Amino acid sequence: MIEVKNLVKYFPVQKGFMDALFTREKDFVKAVDDVSFKIEKGEIFGLAGESGSGKTTVGRLCVRLTPATSGEIIFEGQDITKIKGKQLRLLKRRLQITFQDPTSSLNPRMTIGNAIADALRLQNIGTRTEQRKQTEDALERVGLSPASAFYDRYPHQLSGGQRQRVIFARAFILRPAFVVTDEPVAMVDVSIRAQILNLMRDLQKELDLTYLYITHDLATARHICDRIGIMYLGKFFEIADSRAIYENALHPYTVGLMSAIPVPDPKAEKSEAIPTGEIPSPINPPPGCRFHPRCPRAFERCPKEEPELLLVEKNHWVACHLYSD
Ligand code: SF4
């Protein structure tokens with residue numbers, strides 16, 4: 001469905017007046033630094049890692065919300081990083097994204113019905129009557145039923161879970177093939193997280209969708225993802241089937257993330273594998289392995305040489321010198 005090759009995104013850093021006067025060199029935030037991966041049709045591919053790892057930027061690049069610095073994104077056989085104009089507008093029907101905060105994703109002055117129908121209007125799809133009909137169908141499909149009771153309501157008149165359903169309706173009304181969902185359950189109550197994840201699964205089956213599921217919550221990713229990629233400072237550290245990530249994590253960073261998943265046992269001891277300290281600056285990532293200042297298993301080679309992402313078992317890729325031989 002989608003193949004990303006050597007994708008790079010650097011954001012220039014705005015300098016203050018004095019800094020700009022005395023230094024000519026430009027600084028860049030290396031948000032995504034040469035990543036490659038594939039997502040198969042019908043798959044749910046999870047992208048996990050701490051804040052600042054570059055996962056949201058990867059999602060935005062995949063749907064062309066942010067232009068890439070370099071690299072290719074092959075979608076349905078075509079490199080979409082270069083296309084423009086009408087072709088890009090048509091492509092956006094096939095690629096959709098939902099954002100983390102449903103409240104700020106909706107215009108508070110627009111009714112729910114208008115917010116969803118707007119996607120059809122922007123793409124010049126159907127007459128007003130057809131747009132209304134399709135919007136009501138979309139509301140019913142995401143469980144906001146009867147649709148007529150929701151169509152003229154405003155976002156503040158809905159609960160957090162209902163607003164998240166509206167976001168899904170707006171993304172799916174164009175019948176996309178590939179959807180990026182950025183932390184879809186982070187802003188809803190724990191009690192309705194399972195409902196939202198089930199809704200995603202139902203829509204996937206009904207509309208034959210492929211997802212990129214971005215999260216920092218590995219506990220929920222386990223229930224929905226077929227494969228998971230672990231990112232750190234703009235790089236992939238590990239990619240494997242969901243089960244292998246949870247039962248046989250190999251990269252020390254992934255092992256640390258797994259140890260940090262809360263367990264319902266107040267006496268459980270804190271694991272030494274949990275990474276300590278802050279994620280370093282993406283402007284000047286550490287040399288060699290980017291994780292070496294925080295890695296409990298770092299050795300002499302780690303600060304000198306950057307590990308490559310290598311296939312170490314069936315469908316299991318790892319970037320760590322412990323496995324590079
Ligand atoms: Fe740790 Fe070295 Fe592996 Fe990096 S390459 S994760 S520093 S052991």
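Please refer to the structure higher up on the page.
Residues numbered from 1 in each chain as written. Predicted model: local features only at pLDDT ≥ 70, side-chain atom pairs only at ≥ 80, totals over all residues. Heavy atoms only, no water.

Here we take up the overall build of the protein. Across its full length, the protein carries 12 helices and 12 strands. The C-alpha radius of gyration of the protein comes to 21 Å, within 12% of the 20 Å expected for a compact globule of 325 residues. If you line up the protein on its principal axes, its C-alpha atoms span 70 × 55 × 40 Å. Split into buried and exposed, the 325 residues of the protein put 47% on the buried side. Relative to all contacts within the protein whose residues are 6 or more apart in sequence, the contacts with residues 24 or more apart total 65%. Accessible surface, the protein as shown: approximately 16500 Å² in total, 50% of it carbon and sulfur. Taken together, the 44 basic and 40 acidic charged side chains of the protein have centroids lying 7 Å from each other. (Helix = DSSP H or I, 4+ residues; strand = E, 2+ residues; numbered from the N terminus. Rg over C-alpha atoms; globule rule 2.2 N^0.38 Å. Buried < 20%, exposed > 50% of the residue type's maximum accessible area, 1.4 Å probe, protein only. Contact = heavy atoms within 4.5 Å. Areas by Shrake-Rupley, 256 points an atom, 1.4 Å probe, with all protein chains shown as cover. Lys, Arg positive; Asp, Glu negative; His and termini not counted. Charge placed at Lys NZ, Arg CZ, Asp CG, Glu CD.)

Here we take up the site of the ligand. As a matter of local geometry, the ligand sits amid His251, Pro252, Cys289, Phe291, His292, Cys295, Arg297, Ala298, Cys302, Cys320, His321 and Leu322. Among the residues making up the shell around the ligand, the classes are represented as eight nonpolar, three polar and one charged. (Near = heavy atom within 4 Å. Nonpolar A, V, L, I, M, F, W, Y, C, P; charged D, E, K, R; others polar.)

With that settled, the discussion passes to unusual backbone geometry. Omega for the peptide link from Ser145 to Pro146 comes to 0 degrees, which places this bond in the cis form. The phi torsion at Asp34 lies on the positive side, around 70 degrees, for a residue other than glycine. Among the secondary structure elements, Asp34 is positioned in strand E2 (residues 28–39).

This part is about the sheet that holds strand E11 (residues 310–313). Taken together, eight strands build an open sheet; the order of strands is E6-E7-E8-E3-E9-E10-E12-E11 and the sheet is mixed. Either end of the sheet is taken by a strand with one partner, and the two such strands are strand E6 (95–98) and E11. Neighbour-to-neighbour, the strand axes of the sheet open up by a mean angle of 25 degrees, direction not taken into account. Of the strand pairs in this sheet, E6 and strand E7 (residues 178–182) are connected by four bridges, and their pairing is parallel. (Pairing = 2+ DSSP bridges. Axes fitted to C-alpha atoms, helices over the stretch in contact; angles between N-to-C directions.)

This part is about the packing of helix H5 (residues 112–122) against helix H6 (residues 128–141). The geometry of a pair of packed helices is captured by two quantities: the angle between their axes and the separation between those axes. Taken N-terminus to C-terminus, the directions of H5 and H6 make an angle of 120 degrees; their axes are 9 Å apart at the nearest point. In terms of orientation, H5 and H6 fall into the oblique class. As for the relative orientation of H5 and H6, their crossing is right-handed in sense. Side by side, H5 and H6 meet where Ile112, Gly113, Ile116, Ala117, Leu120 and Arg121 of the first sit next to Arg128, Gln131, Gln134, Thr135 and Leu139 of the second. (Parallel < 35°, antiparallel > 145°, perpendicular 65-115°, else oblique. Left-handed = near helix turned anticlockwise from the far one by under 90°.)

Here the focus is the environment of Leu88. Its location among the elements puts Leu88 in helix H3 (residues 85–94). Apart from residues no more than four positions distant in its own chain, Leu88 is found in contact with Arg64 and Ile83.

Further remarks concern the environment of Val13. One can find Val13 in the loop between strand E1 (2–12) and helix H1 (17–22). When its relative accessible area of 29% is taken as the criterion, Val13 is described as partly exposed. Distance in space between the C-alpha atoms of Val13 and Val29 is 6.6 Å, their sequence separation being 16 residues. Not counting residues within four places of it along the chain, the set of residues in contact with Val13 comprises Asp27, Phe28, Val29 and Ile283.

We now examine the pairing of strand E3 (residues 44–48). Counted residue by residue, E3 has five buried out of five residues, so it is predominantly covered. With five bridges connecting them, E3 and strand E8 (residues 210–215) associate as parallel partners. In the sheet register, Phe45 faces E8, and the bridge partner there is Leu212. When E3 meets strand E9 (residues 227–232), the two strands line up parallel, connected through four bridges. The partner of Leu47 across the bridge, within E9, is Gly229.

Turning to the nonpolar core, a few remarks are in order. If you look at the biggest cluster of nonpolar residues, it comprises 55 residues, and the most contacted ones within it are Phe168, Phe172, Leu203, Tyr211, Tyr213, Ile228 and Ile230. Look past the residues within four positions of Phe172 in its chain and what remains in contact with it is Val179, Leu203, Leu207, Leu209 and Tyr211. Counting 31 residues, the second largest nonpolar core, distinct from the first, contains Ile39, Phe45, Leu91 and Met231. (Core = buried A, V, L, I, M, F, W, Y, C linked by side-chain atoms within 4.5 Å.)

Turning our eyes to something else, we now look at the packing of aromatic side chains. What describes a pair of aromatic rings is the distance from one ring centre to the other and the angle between the planes of the rings. Scanning the model with the defined rule gives 11 aromatic pairs in all. Judged by centre distance (5.3 Å) and plane angle (80 degrees), the rings of Tyr232 and Phe291 are edge-to-face. Linking Tyr232 in strand E9 with Phe291 in the loop between helix H12 (252–259) and E11, this pair joins segments that are 59 residues apart in sequence. Phe291 carries the same exposure label as Tyr232, and that label is buried. Here the aromatic rings of Phe237 and Tyr253 are separated by 5.9 Å at their centres, their planes lie at 85 degrees, and the arrangement is edge-to-face. Highlighted residues: Phe237 in strand E10 (residues 235–241) and Tyr253 in helix H12, separated in sequence by 16 residues. Neither Phe237 nor Tyr253 differs from the other in exposure class; each is buried. In textbook terms, an aromatic cluster arises when at least three aromatic residues are bridged by ring pairs, as seen for Tyr232, Phe237, Tyr253 and Phe291. For the cation-ring pair, Arg132 lies above Tyr151, with the distance from its terminal atom to the ring centre recorded as 3.7 Å. Geometry around Phe150 places Arg153 over its ring, the cationic atom sitting 4.5 Å from the centre. (Phe/Tyr/Trp six-rings, centres within 6.5 Å; stacked < 30°, edge-to-face > 60°. Lys NZ or Arg CZ within 6 Å of the ring centre and 35° of its normal.)

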